[in-house]
Structure formats: structure tokens, C-alpha cells
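Residues per chain, in single letters:
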Amino acid sequence: MTSFSATPEARRLEALQEEFERDASCNQVFLVLTVGATLIATLGLLANSPGVVIGAMVVAPWIMPLQAMAFEIAQGRLAMVGRALRSLLVGVAICVLLAMAVGYLVAFPSFGSEVMNRTSPNLLDLGIALVAGAVAMFAKLRKDALSALAGLAIAVALVPPICVVGILLASAYWGQAYGALLLFTTNLLGILVGAMATLAALEPIYRSRLLHSKLGLTSLGLTTLLVIPLGSSFLRLLGQANRENKAVQLESLIEQKLRSSTITLGSDPAIDLVGLSIDWQKNPPLIRARVRVTDPELPSARQVAEVQTFINRSQSPLRFRLVVQRTAVDLIGPPTAPNPADLEVLPPPLLPPIPQPQQESNDG
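Residues numbered from 1 in each chain as written. Predicted model: local features only at pLDDT ≥ 70, side-chain atom pairs only at ≥ 80, totals over all residues. Heavy atoms only, no water.

Trainee: Residue-level account of the overall build of the protein, with values.
Mentor: Looking only at helices and strands, one finds 15 helices and three strands in the protein. Long-range contacts, defined here as pairs at least 24 residues apart, represent 74% of the contacts in the protein between residues at least 6 apart. Of the roughly 21200 Å² of accessible surface on the protein, a fraction of 63% belongs to carbon and sulfur atoms. (Helix = DSSP H or I, 4+ residues; strand = E, 2+ residues; numbered from the N terminus. Contact = heavy atoms within 4.5 Å. Areas by Shrake-Rupley, 256 points an atom, 1.4 Å probe, with all protein chains shown as cover.)

What follows is the structure in C-alpha cells.
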């Protein structure tokens, strides 16, 4: 019972504790929402429908026991921590089994981006989860920010990654299933640590408890360990982005050089360079130049070979193979008399005088 002599702050914290105790319960509402979110997410993932998956994120109730776990760790009440953890584990078990069953019944031979995008987490996902956990706890402690919880459920999803685990396990994709499980673990620990950090920042009464809590330090340690696999994945992602950016820049540079420095694909009025692409999967990389020509015999094989030599010389030591895809076009139009000189909008450019060869003098 709350004492009448208790301060408003003490009454607020007591009411908050009662809320978290309800959030930690594995009750009928939690189970029904878990089943519903799992089925919606699994079907949306298989249908590769982002909108359906987002709907499942909003329905999923798993962020509540996670917040309760963070609060009870600060309180030092191990029994309530176990209660919240048990609710979460029951939800995970239901989700994995239902997703495996649906995935086994559907038996898709391949999956879309909604599934595969959740198999390669990196440090960015951990950062998002930490911030989302912090904002979720802030919204819980400050009732005027409760409207943010729906957006947080979308930003850091727990149900879709674990549904992906079940779907991929049903198809024996073990490596990809591990990646999805790593994403789920990242989101879970990130939310937990972010929520505890916000609780310690906003409620000084729990700050010292968290600093001396073995469970809190364990959660922080496990989250820190995630930096190893997530960091390597982030470095791979960064390296791939750098390579793709370099490829785009090099493709643009080659096209510019062809237009400005070659006669065949830059100055010949009978050949119009429409576009250029490079297939970097080939070795050497294959350049495909698309041209429109008024003479179906142009460009000749010799001209293409000379342009290829020019490219390889300018990009040495990297070598390329050039192929030209030409489309012949007909120029159709009646002859027209020229305009008078005073009506010309842009007069033709002045050409330098043609040098005349000097005549040799005769000595006899």
C-alpha cells in the first residue's frame, strides 16, 4: 500500500514499478499479439511486402518485457528480471516455431530482399538499437512522449529478424539464419542497454545500482562483444561501398574521355555515343558502348581496337575489353535552302587558315 506520507516522486516510481511488472507478464494479450505479429511478419517476409512487415512491427509487444527487464535490473529484483526474460523467451520460441512451420509449408526456393536484408547486420544496426532503446525508455518515463513508441517499434524490429531465422531454418540456410539471429541479438541487447542508460540518466536513484549491477554489466559486456562480428560486417560493407563508388567514378571518367579525346566515339558526326556501362564481373572488365550510327559499317573493328588501346593506355595498368553495340538510323528530311547570313542565329566558327606548302626554289 502507498503511504499517504510518501512523496510525489516516490508515488510516481511505485506506479512505474507496477507498470513494468505488468509489462513483464506473459499474459494472454502478450501471447495473442506475439502470434499475430509472427504470422503477419512471416507472410509479409515471404511476400516481400515492406508494408505488411511494418504492420507486424507495430503489433509486436516484445519491447515491453525488454523495458521491464532494464528497469528490474536497476531495481536489483532478480525474480522480476527472470519473469521478463521468461516472457521474452516464450515469445521467441513461438515466433521461431510458427515461422518454421509456415516456411516449411510454403517451401519457397528463394527469398526476396525483405528476408535477405536481415541476414547481414553491422555496427549501424547496433547504433540504431541503442538509440531506440534510449528513446523507448524516455517515452515510458515521460508519458507525453508515448506517441513515439509506434515509430520505435518500426525502427528497431524484434519479430521480423527472428521470423527470418525460422524461415531460413526451414529451408536449411544455416549461415543466413545465423546472420538474422545476430541481428535479433543486436537489437535485443541494444534496446536493453540503451534503456538502462536512459534510466540511469533520468533517475539518479537507480544510477549507482546500475553501476554495481552484475546483470547490467553483463548486458553491457555482451553488447560490447557484438562489436567484433558487427564491426567486420561494417568494414566489408564500407569496402564494398568504396569499390562501387570508385567503379562509378571510373565509368564516368572513361565515358568523358571517349567523348572528348577520341574521334571515333567523340567527334565523328556519323557516330553518336548514347551511353556506356562496365561489367565489372568480367576479367578484364567489359565496356559496352551503345552508339547510334548513320553508316551501318561504322565503327569498324579497327577503330574499336584503337579506342580500346587508348582506354587501356590511359587506365594502365588496369586493362579493359571494349565492345560497341551499334544501332543504325536513317536520316530523313527534304533539302532546304540556306538562310541569308544576316539571319543566322549562331554563325559558324572561324576556322584557322589552311597552311600552304612552301614551294622549293630551283637552283638551275
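Trainee: Tell me about the pairing of strand β1 (residues 271-279), and please be specific about residues and values.
Mentor: In terms of strand pairing, β1 meets strand β2 (residues 286-293) through eight bridges, oriented antiparallel. Across the sheet, the residue bridging to Ser277 is Arg288, located in β2. Between β1 and the antiparallel strand that follows it, β2, lie six residues. (Pairing = 2+ DSSP bridges.)

Trainee: Please give an account of the packing of aromatic side chains that cites residues and values.
Mentor: One pass over the structure, following the stated rule, counts four aromatic pairs. Measuring from ring centre to ring centre gives 5.9 Å for Phe111 and Tyr173, while their planes differ by 85°; the resulting arrangement is edge-to-face. Taken together, the positions of Phe111 in the loop between α5 (78-106) and α6 (113-116) and Tyr173 in the loop between α9 (159-170) and α10 (174-202) put the pair 62 residues apart, joining distant regions of the chain. Taking relative accessible area as the criterion, Phe111 reaches 17% and is therefore assigned buried. On the numbers, 5.9 Å between centres and 75° between planes, the contact of Trp280 with Phe320 is edge-to-face. Highlighted residues: Trp280 in the loop between β1 and β2 and Phe320 in the loop between α15 (301-314) and β3 (321-328), separated in sequence by 40 residues. What makes Trp280 partly exposed here is its relative accessible area of 32%. (Phe/Tyr/Trp six-rings, centres within 6.5 Å; stacked < 30°, edge-to-face > 60°. Buried < 20%, exposed > 50% of the residue type's maximum accessible area, 1.4 Å probe, protein only.)

Trainee: I'd like a description of the packing of α9 against α10, backed by residues and values.
Mentor: Where α9 meets α10, the axes come as close as 8 Å, and the angle between the chain directions of the two elements is 165°. With respect to their mutual orientation, α9 and α10 come out roughly antiparallel. The interaxial crossing formed by α9 with α10 has left-handed handedness. Residues Pro161, Ile162, Val164, Val165, Leu168 and Leu169 of α9 pack against Trp174, Gln176, Ala177, Ala180, Leu181, Leu183, Phe184 and Asn187 of α10. Looking at the contact of α9 with α10 residue by residue, the class counts come to twelve nonpolar, two polar and no charged. (Axes fitted to C-alpha atoms, helices over the stretch in contact; angles between N-to-C directions. Parallel < 35°, antiparallel > 145°, perpendicular 65-115°, else oblique. Left-handed = near helix turned anticlockwise from the far one by under 90°. Nonpolar A, V, L, I, M, F, W, Y, C, P; charged D, E, K, R; others polar.)

Trainee: Hey, could you go over the packing of α5 against α9 for me, with residue numbers and the actual values?
Mentor: Viewed as axis vectors pointing N to C, α5 and α9 meet at an angle of 45°, and their least axial separation amounts to 7 Å. Judged by the inter-axis angle, α5 sits oblique to α9. Judged by the twist between their axes, the crossing of α5 over α9 is right-handed. Contact with α5, carried on its side by Val92, Cys95, Val96, Ala99, Met100, Gly103 and Tyr104, involves Val159, Ile162, Cys163, Gly166, Ile167, Leu169 and Ala170 of α9 and no other residues of that element. Taken together, the residues of the contact of α5 with α9 break down into twelve nonpolar, two polar and no charged.

Trainee: Could you give me a rundown of the sheet that holds β1, with the residues and numbers involved?
Mentor: The mixed open sheet is built from three strands, whose spatial order is β1-β2-β3. Strand pairing shows two members of the sheet lacking a second neighbour, β1 and β3, which therefore form its edges. Each neighbouring strand pair of the sheet contributes to a mean axis angle of 20°, computed without reference to strand direction. With eight bridges connecting them, β2 and β3 associate as parallel partners. Directly across from Ile287, in β3, lies its bridge partner Leu322. Most of the contacts of helix α13 (residues 227-261) go to β1, to which it runs at about 155°, and overall it touches β1 and β2. Of the strands in this sheet, β2 and β3 touch α15, which is tilted by about 140° from β3.

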